[in-house]
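Observations on the three-dimensional arrangement
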Amino acid sequence: MARGKQPGRTQHAPKVHRAVVTHTVDDFESAFWPDEQPVDNAVVMTMGALHEGHAALIRAARKQVGRDGRVAVTVFVNPLQFGAGEDLERYPRALDEDVRLAGENGADVVFAPSVDEVYPNGEPQVRMAAGPMGERYEGATRPGHFDGVLTVVAKLLHITDPDFAFFGEKDAQQLAVVRRMVADLDFDVEIVGVPTVREEDGLALSSRNRYLSDEERARALALSGALFAGRDAAARGPEAVREAASAVLDAAEGVDLDYLALIDPHDFTEAPDDFRGEAVLAVAAKVGATRLIDNVHVVVR
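This report concerns the structure included in the present document. (Residues numbered from 1 in each chain as written. Predicted model: local features only at pLDDT ≥ 70, side-chain atom pairs only at ≥ 80, totals over all residues. Heavy atoms only, no water.)

Brief notes about the overall build of the protein
Counting its secondary structure elements, the protein contains nine helices and ten strands. For 301 residues, the compact-globule formula gives about 19 Å, and the C-alpha radius of gyration of the protein, at 20 Å, lands near that figure. Along the three orthogonal principal directions, the C-alpha set of the protein runs to about 60 × 40 × 40 Å. For the protein, buried positions account for 54% of its 301 residues. The long-range share in the protein, meaning contacts at least 24 apart out of those at least 6 apart in sequence, stands at 74%. Surface exposure of the protein reaches about 14000 Å², of which carbon and sulfur atoms provide 49%. If you average the places of the 32 positive and of the 50 negative side-chain charges in the protein, the two averages end up 3 Å apart. (Helix = DSSP H or I, 4+ residues; strand = E, 2+ residues; numbered from the N terminus. Rg over C-alpha atoms; globule rule 2.2 N^0.38 Å. Buried < 20%, exposed > 50% of the residue type's maximum accessible area, 1.4 Å probe, protein only. Contact = heavy atoms within 4.5 Å. Areas by Shrake-Rupley, 256 points an atom, 1.4 Å probe, with all protein chains shown as cover. Lys, Arg positive; Asp, Glu negative; His and termini not counted. Charge placed at Lys NZ, Arg CZ, Asp CG, Glu CD.)

So this is what it looks like as structure tokens:
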């Protein structure tokens, strides 16, 4: 039985959340499980450069496990999920600020391991495979990306041993393949999706937004604008959704579209023209040198 899955629950005084920083598995285990008290625990996996979207995940985790549960935040820029020419080296890193934000929003422990700590034997020879769900859309543009994601998620689930793991819905395909891995391979954890957090003007929060100039940021609003237009057209069927979203992107300047797709969330295939029900309208595009993704849930009538 996992440490966080013992029966019963012990009540304690309210905690003051100042996250403890750990860098090794041994130190993490000592900090995250300081005793054998039977409480629920949760993990929020990140690559750092935390923002309000991550804060919402941490707050949701804290609410789920209660004041006496334990919340861990992992901060690890996973090299396996970056392809050739992607932004591994320049991906933003700000651990001190990450620790502050994590603690203020309810995390008990931040686990920020080195690459050698996560992959002590070097680049792993055996990896998770995302299968067909990981070969479409993001997977087609970034071959092997989801294999790398699932490999590190599996390792971090083993290390943190959570009852609940929280992921943002902005990375809709990532959330889908993680849920499928957990279901198909019988991981004893509940995967919880948390809605996308947006700026007041609609731009989805992302650690990569800091790459954008002011002009590029303004152009990036076409992505959320297209998604909202498509969602507003959902009552008229799939083709109307695609047409409304495409019209916004076609009129946008400085947006290099990768894909716009109306997706069946069950298997992440393109929704057919006669599709009815809940779908994911997803977009990926480059604005300047920065690649951005976004999506919204739509109910197609």
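As for the sheet that holds strand S8 (residues 269–270)
Reading across from one edge, S8-S7-S9-S10 is the order of the four strands in this open sheet, with antiparallel pairing throughout. Lying at the two open borders of the sheet, with one neighbouring strand each, are S8 and strand S10 (290–300). Of the strands in this sheet, strand S7 (255–264), S8, strand S9 (277–287) and S10 are in contact with helix H9 (residues 238–251), which crosses S7 at around 165 degrees. (Pairing = 2+ DSSP bridges. Axes fitted to C-alpha atoms, helices over the stretch in contact; angles between N-to-C directions.)

Looking at the nonpolar core
Formed by 45 residues in total, the largest nonpolar core has its most connected members in Phe 28, Val 153, Leu 157, Phe 167, Met 181 and Ile 191. At the level of secondary structure, the elements contributing two or more residues to this core comprise helix H1 (25–32), strand S2 (41–46), strand S4 (109–111), helix H6 (145–160), strand S5 (164–168), helix H7 (172–184), S7 and S9. For this core, the element with the most residues is H6, which contributes nine residues. Setting aside its immediate chain neighbours within four residues, Leu 157 contacts Met 45, Pro 162, Ala 165, Met 181, Val 182, Phe 187 and Val 189. (Core = buried A, V, L, I, M, F, W, Y, C linked by side-chain atoms within 4.5 Å.)

Observations concerning H6
The α-helix advances 3.6 residues per turn, and as a result positions three or four apart in sequence lie on the same side. Between its first and last C-alpha, H6 extends 22 Å over 16 residues, near the 22 Å set by a 1.5 Å rise per residue. Within H6, 13 of the 16 residues are buried, leaving the element largely enclosed by the surrounding structure. Where H6 ends, the next residue or the one after it, Asp 161, has phi of about 50 degrees, a positive value. (Expected span 1.5 Å × (residues − 1).)

What to know about the side chain of Asp 264
Looking at the element boundaries, Asp 264 is found in strand S7. Within the buried set, Asp 264 has no salt-bridge partner at all; the shortest N-O distance to an opposite charge, 9.5 Å, is to Arg 136. When residues no more than four places from it in sequence are discounted, the contact partners of Asp 264 are Thr 269, Ala 271 and Phe 275. (Salt bridge = Lys/Arg side-chain N within 4 Å of Asp/Glu carboxyl O.)

Observations regarding unusual backbone geometry
Phi angles above zero are rare outside glycine, and Ala 49 is one such case at about 50 degrees. Among the structural elements, Ala 49 can be located in the loop between S2 and helix H2 (52–65). For Ala 49, a relative accessible area of 0% corresponds to the buried category. Phi at Phe 268 takes a positive value of approximately 55 degrees, unusual for a residue other than glycine. Its location among the elements puts Phe 268 in the loop between S7 and S8.

A short note on the sheet that holds S4
Pairing in this open sheet of six strands is parallel, and the strands run S1-S4-S3-S2-S5-S6 from one edge to the other. This sheet does not close on itself; its edge strands, each paired only once, are strand S1 (20–22) and strand S6 (190–194). Across the sheet, the mean angle separating the axes of adjacent strands is 25 degrees when strand polarity is ignored. In this sheet, S6 lies alongside S5 in parallel orientation, the contact comprising five bridges. Considered in S6, the bridge of Phe 167 is made with Gly 193. Of the strands in this sheet, S2, strand S3 (70–75), S5 and S6 touch H2, which is tilted by about 155 degrees from S5. Seen against the sheet, H6 touches S2, S3, S4 and S5 and runs at an angle of roughly 150 degrees to S2.

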